[in-house]
Amino acid sequence: MSSRGGKQKKGNVASEQEEEEQPLQAVLVADSFNRRFFPISKDQPRALLPLGNVAMIDYTLEFLTSTGVQETFVFCCWMSNKIKDHLLKSKWCRPTSPNVVHIITSDLYRSLGDVLRDVDAKTLVRNDFILVYGDVVSNIDVSQALQEHRHRRKVDKNISVMTMVFKESSPGHKSRCEEDDVIVAMDSKSKRVLHYQKTQGLKKLQFPMNIFQHGSDEFEVRHDLLDCHISICSPQVAELFTDNFDYQTRNDFVRGILVNEEILGNQIHLYVTQDGYGARVSNLQMYDSVSSDMVRRWVYPVTPEANFTDQRGQGCTHSRHNVYRGAGVSLGHGSQMEENVLIGRDTSIGANCHISNSVIGNNCTIGDNVVLDRGYIWNNVDISSNVEIHQSVVCDGAVVKEAVRLNKQCVLAYNVEIGPNLSLPEGTVVSMHHPEEEEEDDDDEFLSDDQEVGHSKDKTRQKAFNPAEVGPEGKGYIWKPSVDDTEDEELAQCLWGLVLNPDPESDSESEASEESQDRSRSVSPEIDDVNAFQLEVLGTLQRGLEENIVCDNLVLEINSLKYAYNITLKEVMQILTRVVLEYPFQLQGTQLTTLQYTGLLLPLLKKWSPVFKNYIKRAQDHLDCLSAVEELFLEQDTHQTAMVKVLMKMYQLEILEEAAILKWFSTGTTTDRSRQLRKNKGLQKFIQWLEEAEDESSEEGE
Amino acid sequence: MELQAVLMAAGGGSRMMDLTYNTPKPLLPVGNKPLIWYPLNLLERVGFEEVIVITTKEVQKMISTDPKMKLDVKMKLDVVCIQEDADMGTADALRHIQQKVKTDILVVSCDLITDAALHEVVDLFRAHNATLSMLMSKAHEFTETVPGQKGKKKTGEQRDFVGVDGTGKRLLFMANEADLDEGLVIRKSIMRKHPRMHIKTGLVDAHLYCLKKSVVDFLAVNKSISSIRGELVPYLVHKQFSKSTNSPKVNDETHQNLNKNDGNVNLEIQISSRDEELLRLTQERSCWNDHRGDMSEAYHGGRLRCYVHIMDEGICYRVNTIAAYIEANRLAPKLFDEPAVHPSAVISERCLIGADSIIGASCQISDKTSIKRSTIGASTTVREKVKVTNSIIMHGVTIEEGCNIQGSVICSNAVIGRGADIKYCLVGSALRIEPDAERTNEVIVGTDQLMEI
């Protein structure tokens, strides 16, 4: 560690002069380390999937080059040969390329963490570098962010280790990925990230208080940011990944830095662009929106007709309504390309077709009367007549036969054949790979999308295609989106990502209920105190019974509780009465018969009578106590007959005076129910008895 | 009449007991004018002709009898007295005058000294048909030394967290640090509506509120709320995003039920400002919107809206601590242009009076005195060779020869003995400082004034 520190210091001294001259480096991770594009990515790594007829990695490289990167390290794992071949053929590996691309392949990478640890081990980066994934499409000019980052590092002595690039886009924006929805708390002035959290599935966002203790008096909480997955990292980032071998993803890293920041002093900052475009194609939902943004020219100057990959024959013309046509496209009579359509070279389209918001690859054949809306047709696809395709992806070499209808969010993977005369329900995924063939190697937890599974090919039992699923002449297996043994994680891994419809009804309902809770809490905190006090009294009495504590001590304890909870004497008595009368229920549950109840209660009353006597002294106390008794028996109306016995006992134990009982009986019946209560025969008898006794005693007195 | 002004002047000044022991807070002299004059003047300047003043009997009596406390305002003052010992909060006071409230109200606290443009607050109220709009200001650092205060005050006080939207006007969140044990919690639905929230901590609430009449009616029914700042405002801010006030359907239903007055829910709904028919029509027909990013209707259909105007610059003080009191005295002369020396004061020619000092009516200033950056109250006598710097001398004080007073507050009718040297002290009213005393950084009050516990 110490040697590293020394090295770093030396590097800094040198870098101060060299900083400007040193080439800007980038680390491009051409692997997603997840299986979101399964089963498509079984045949082709994600970075090579075509978006607007160009492989996604080309967009990323174009973005890096245009932003001034001169040296890029491309890390590949899954199907690294394919990526390598692609890159070697591309313009990036020509001798004239301003951006030197190094391809580093290894089957051992399991995560972004592994890649960065390898970067550190090989000491590939000498200076601040840009970290991106191979599926990022962007036209953001990060030079300003880079400048800010360098400035911060100069001023703050390398405290800032990373600058994350975000794009401003309001919630609900089409290109926002619901899974990547983040909430960021930052310092308004320094743009330092204080809190970073994914919000998916959260209803409340919680910010720990310690993030507000940094001396600044203005903070910003932003939910209008789209994570572009572009980060400017200092060389320390790679070192930190090495030091913390448990960091797997960038999220781990960010969380780690924000939490441990106090110890290490490292900080993360953010850069927000308002007008650039940047998005990561992390699922098909994003694929759909990024593709359509591309066709609608939001990523200008990276547009379909620009042919930035500089490949022969890739060029196309751009006409109004954003219709692009490659070379050799033929269009049948009466066919309409409404708007936002991109058609690759040598594709022929039949008569009377309706095509809108779609991308069609090279060498496709499309029959007559075809309707395409938000369809993404890759290369060499054969679509017969009378086909309807809505918001679906059809991969290379697929054949869609006569009169097939693809409903929303269908995926036809490589070389699948469908139909004829079939309608695929929403969200159907068809692949030539059998789902079970993949499950066999599913044991590996860290299995990346991009794991070699070919070895099991020969083992695969040749299963028959189900004509009900893929049509009488179809070829392919249906992939069920959710397998029963996997939980919500699998849900998040379905191809199309989560659908953007938060249930507003339930959301606000819970708000309302939670609000009412809040309200009661804020307005009458004393209720809580009373409840707490009641529990404490119950506990005290219980202990009193178990440990046989003298009543005087119980009184002492209750008194101290009274002060602790700030309870008035009247409340003490009411609560005490209530607790005692409810005690049998506490012991035996609420299913007691009246007889059992009185049987349990009366000895208790006798035992605790000194406690009662201590609190019930004045005439008003007697009345309060009686009203508490009444209240309880109004609630427990099945046990109303027991009330007489209770009152009788309390009278006998001299807890209550007869005058008080009589007064209570005669006064203040406000509600029907308490009037009803007083009509109880036993009670009336008891009162009568009391009255008579009183008469007698008064007579005696005379 | 668009707005009725209500001035809250019944506060006891519990945070500066040493000063308010003899003089009620509204009548403390600031720049030789009673504190209450400043908010009254503020209201008068913007054209109010009538103001309801809620105060105590004591204050009312003093205003009407004591000539020194005369308020030279032309507005009609409708003074309402409340019992001092009733421990009424500001919301209780509003409830008390509910009968007088005929329209929307502007509530001002008597301890506010500001040169804020009031129309900014009212315009927010008008423009957004808001339920509440209020004034806040960046907190000021008090630079002057405070008598009797050792060292710098701890900054670890409980801060207020105020959340406003991207425009800095809409009030979204309000909480005190003390209530945030579990961290700051914001509902995601709020963030979805207002994706950018600024959370500010260094703000002072000026206690100036525009409130809809319906809020007063709500208070009249909902008796549990007793303070505007402490309970009502947070409640309103919170209610902005609750379902019951947002969905118009529920609202209509409950309007019918309103007369029955059954249950708590209806009472809560009463607050939501009911847009008039015409306004609603305009909102329907116009393409105006208060937010960007999604296509939902303006204000997301919310009826209850709270706004805040945050002053970036200018004077805004709440005179509720001694430090603020001293600071306010220093700044007060800038707020009005009256001759610094009252014409009735008798001032010897051979004395030095700084331009930033104020001399009150019928003062007597003798030879060879020097008065700098100070306020001298009415009927005060300053004898020869006295030096007063950076101090506040209230009414009727006598300062004997050769005294040196620096950075101190001398309350009414005190007598400072000959040759005393007083630095950074607070001298209670009607006290007598013995000659040649040397006092530094003390609070000198009568024994009867010591705090009862």
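Here the structure is a predicted model, which means the values were calculated and not measured.

## Here's the deal with the overall build of chain A
And step 1. Broken down by element type, chain A carries 21 helices and 34 strands.
And step 2. Buried positions account for 54% of the 702 residues belonging to chain A.
And step 3. Across chain A, every contact between residues at least 6 apart in sequence was considered, and the portion connecting residues at least 24 apart equals 60%.
And step 4. Accessible surface, chain A: about 31,700 Å² in total, of which carbon and sulfur atoms supply 49%.

## Quick word on the packing of aromatic side chains
Residues and elements named next belong to chain A.
And step 1. A full pass over the atoms with the stated rule returns 16 aromatic pairs over all chains.
And step 2. Seen from their ring centres, Phe241 and Phe253 are 5.1 Å apart, and the 15° between their planes marks the pair as stacked. Note that Phe241 is positioned in helix α6 (residues 235-243) and Phe253 in helix α7 (residues 250-264), a separation of twelve residues in sequence. Comparing Phe241 with Phe253 shows no difference in burial state: the two are buried.
And step 3. Look at Tyr583 and Trp608: their rings are 5.4 Å apart centre to centre, the planes differ by 85°, and that puts the pair in the edge-to-face class. Highlighted residues: Tyr583 in helix α15 (residues 569-588) and Trp608 in helix α16 (residues 594-615), separated in sequence by 25 residues.
And step 4. One aromatic cluster in this structure is built from Tyr287, Tyr376, Trp378 and Tyr414.

## Observations regarding the side chain of Arg229(B)
All names here are of chain B.
And step 1. By the element assignment, Arg229 lies in helix α8 (residues 228-239).
And step 2. Note on Arg229: relative accessible area 19%, which makes it buried.
And step 3. A polar side-chain atom of Arg229 sits 3.1 Å from a polar atom in the side chain of Asp205.
And step 4. Residue contacts for Arg229: discarding those within four places in its chain leaves Thr90, Asp160, Met174, Asp205, His207, Tyr209 and Pro234.

## Digging into helix α13 (residues 322-331) of chain B
And step 1. A large share of α13(B) lies buried, amounting to nine of its ten residues.
And step 2. Residues of α13(B) that are buried: Ile322(B), Ala323(B), Ala324(B), Tyr325(B), Ile326(B), Glu327(B), Ala328(B), Asn329(B) and Leu331(B).

## A look at the environment of Leu232(B)
And step 1. Mapped onto the elements, Leu232(B) comes out in helix α8.
And step 2. Along the backbone, Leu232(B) and Val215(B) are 17 residues apart, and their C-alpha atoms lie at a distance of 9.1 Å.

## Thoughts on the interface of chain B and chain A
And step 1. Contacts between chain B and chain A engage 34 residues on the former and 38 residues on the latter.
And step 2. Interface area, chain B with chain A, both sides summed: about 3,100 Å², of which 52% is carbon and sulfur.
And step 3. Scanning the region where chain B abuts chain A turns up three salt bridges.
And step 4. Between Glu168(A) and Arg196(B) there is a salt bridge whose closest N-O contact spans 3.7 Å.
And step 5. Applying the counting criterion to the chain B and chain A interface returns eleven residue pairs in polar contact (both at pLDDT 80 or more).
And step 6. Going through the elements one at a time, β11 (184-187), α6 (188-193), β12 (196-200) and α8 of chain B are the ones with two or more residues in the side of chain B that touches chain A.
And step 7. The class makeup of the residues in the side of chain B that touches chain A is twelve nonpolar, ten polar and twelve charged.

## A short note on the sheet that holds strand β20 (residues 370-372) of chain B
All names here are of chain B.
And step 1. Pairing is parallel in the open sheet, where six strands are placed in the order β17-β20-β23-β26-β29-β32. Both edges of this open sheet fall to β17 (352-353) and β32 (438-440), since each of them pairs with a single strand only.
And step 2. Of the pairings in the sheet, the one linking β17 to β20 comprises two bridges and is parallel in character. What sits directly across from Leu352, in β20, is Ser370.

## What about the environment of Asp160(B)?
Residue and element names in this part refer to chain B.
And step 1. One can find Asp160 in strand β9 (residues 160-165).
And step 2. Owing to a relative accessible area of 25%, Asp160 belongs among the partly exposed residues under this scheme.
And step 3. C-alpha separation for the pair Asp160 and Asp181, spaced 21 residues apart in sequence, amounts to 13 Å.
And step 4. Ignoring any residue separated from it by four or fewer positions in sequence, one finds Asp160 in contact with Ala175, Asn176, Lys200, Thr201 and Arg229.
And step 5. Side chain to side chain, Asp160 and Asn176 meet in a polar contact 3.1 Å long.

## Focus on the side chain of His194(B)
And step 1. With respect to the helices and strands, the residue His194(B) is situated in the loop between α6 and β12.
And step 2. Once residues within four sequence positions are removed from consideration, His194(B) is found in contact with Asp165(B), Arg170(B), Leu172(B) and Phe241(B).

## Comments concerning the packing of helix α4 (residues 112-121) of chain A against α6(A)
Residues and elements named next belong to chain A.
And step 1. With their axes 8 Å apart at the nearest point, α4 and α6 run at an angle of 115° to one another. Considering the angle they form, α4 stands roughly perpendicular to α6. Considering the relative orientation of α4 and α6, their crossing is left-handed. Here Gly113, Leu116, Arg117, Val119 and Asp120 of α4 come into contact with α6, specifically with Val237, Ala238, Glu239, Phe241 and Thr242.
And step 2. Residue composition of the contact of α4 with α6, grouped by class: five nonpolar, two polar and three charged.

## A word on the nonpolar core
And step 1. Counting residues in hydrophobic clusters, the biggest one holds 70 residues, and the most contacted among them are Ile57(A), Ile130(A), Ile230(A) and Phe253(A).
And step 2. In this structure Ile230(A) touches Phe63(A), Ile130(A), Leu131(A), Val132(A), Val136(A), Ser138(A), Ile140(A), Val142(A), Thr163(A), Met164(A), Val165(A) and Arg250(A), once residues within four positions along its chain are discounted.
And step 3. Core analysis: the second largest hydrophobic core is formed by 58 residues, Leu7(B), Leu27(B), Leu106(B) and Leu426(B) among them.

## Digging into empty space enclosed by the protein
A water-sized probe, rolled over the atoms, reveals where empty space remains.
Residues and elements named next belong to chain A.
And step 1. The tally for this structure, following the rule as stated, stands at eleven cavities of 30 Å³ or more.
And step 2. Looking at the largest cavity, its volume works out to about 140 Å³.
And step 3. What lines the largest cavity is a set of 20 residues, among which Gly52, Asn53, Pro304, Gln314 and Cys316 lie closest to the centre.
And step 4. Here the lining of the largest cavity is composed, by residue class, of eight nonpolar, eleven polar and one charged.

## Thoughts on the sheet that holds strand β31 (residues 432-433) of chain B
All names here are of chain B.
And step 1. Pairing is parallel across the open sheet formed by six strands, whose spatial order is β16-β19-β22-β25-β28-β31. The strands lining the two open edges of the sheet, one partner per strand, are β16 (346-347) and β31.
And step 2. Note that strand β25 (residues 398-399) and strand β28 (residues 415-416) share two bridges and pair parallel. Counterpart to Ile399 in the pairing with β28 is Ile416.

## A word on α16(A)
Residue and element names in this part refer to chain A.
And step 1. For α16, with 22 residues, the first-to-last C-alpha span of 27 Å runs short of the 32 Å given by 1.5 Å per residue.
And step 2. A maximum bend of about 55° is found in α16 at Trp608, where proline Pro610 lies one to four positions downstream.
And step 3. Within the span of α16, buried status applies to Tyr597, Thr598, Leu601, Leu604, Leu605, Trp608, Ser609, Val611, Phe612 and Tyr615.

Here is what the cut-offs are and how they apply
Residues numbered from 1 in each chain as written. Chains lettered and ligands numbered in written order. Predicted model: local features only at pLDDT ≥ 70, side-chain atom pairs only at ≥ 80, totals over all residues. Heavy atoms only, no water. Helix = DSSP H or I, 4+ residues; strand = E, 2+ residues; numbered from the N terminus. Buried < 20%, exposed > 50% of the residue type's maximum accessible area, 1.4 Å probe, protein only. Contact = heavy atoms within 4.5 Å. Areas by Shrake-Rupley, 256 points an atom, 1.4 Å probe, with all protein chains shown as cover. Phe/Tyr/Trp six-rings, centres within 6.5 Å; stacked < 30°, edge-to-face > 60°. Polar contact = N/O pair within 3.5 Å; in protein donor to acceptor, adjacent residues only side chain to side chain. Buried area = accessible area lost by both parts, 1.4 Å probe. Salt bridge = Lys/Arg side-chain N within 4 Å of Asp/Glu carboxyl O. Nonpolar A, V, L, I, M, F, W, Y, C, P; charged D, E, K, R; others polar. Pairing = 2+ DSSP bridges. Axes fitted to C-alpha atoms, helices over the stretch in contact; angles between N-to-C directions. Parallel < 35°, antiparallel > 145°, perpendicular 65-115°, else oblique. Left-handed = near helix turned anticlockwise from the far one by under 90°. Core = buried A, V, L, I, M, F, W, Y, C linked by side-chain atoms within 4.5 Å. 1 Å grid on protein atoms, 1.4 Å probe; cavity = no way out; pocket = protein on both sides within 12 Å on 5 of 7 lines; lining within 4 Å. Points joined across faces, edges and corners; volume = space filled by probe spheres on them. Expected span 1.5 Å × (residues − 1). Bend = angle between axes of the 7 residues up to and from the residue.

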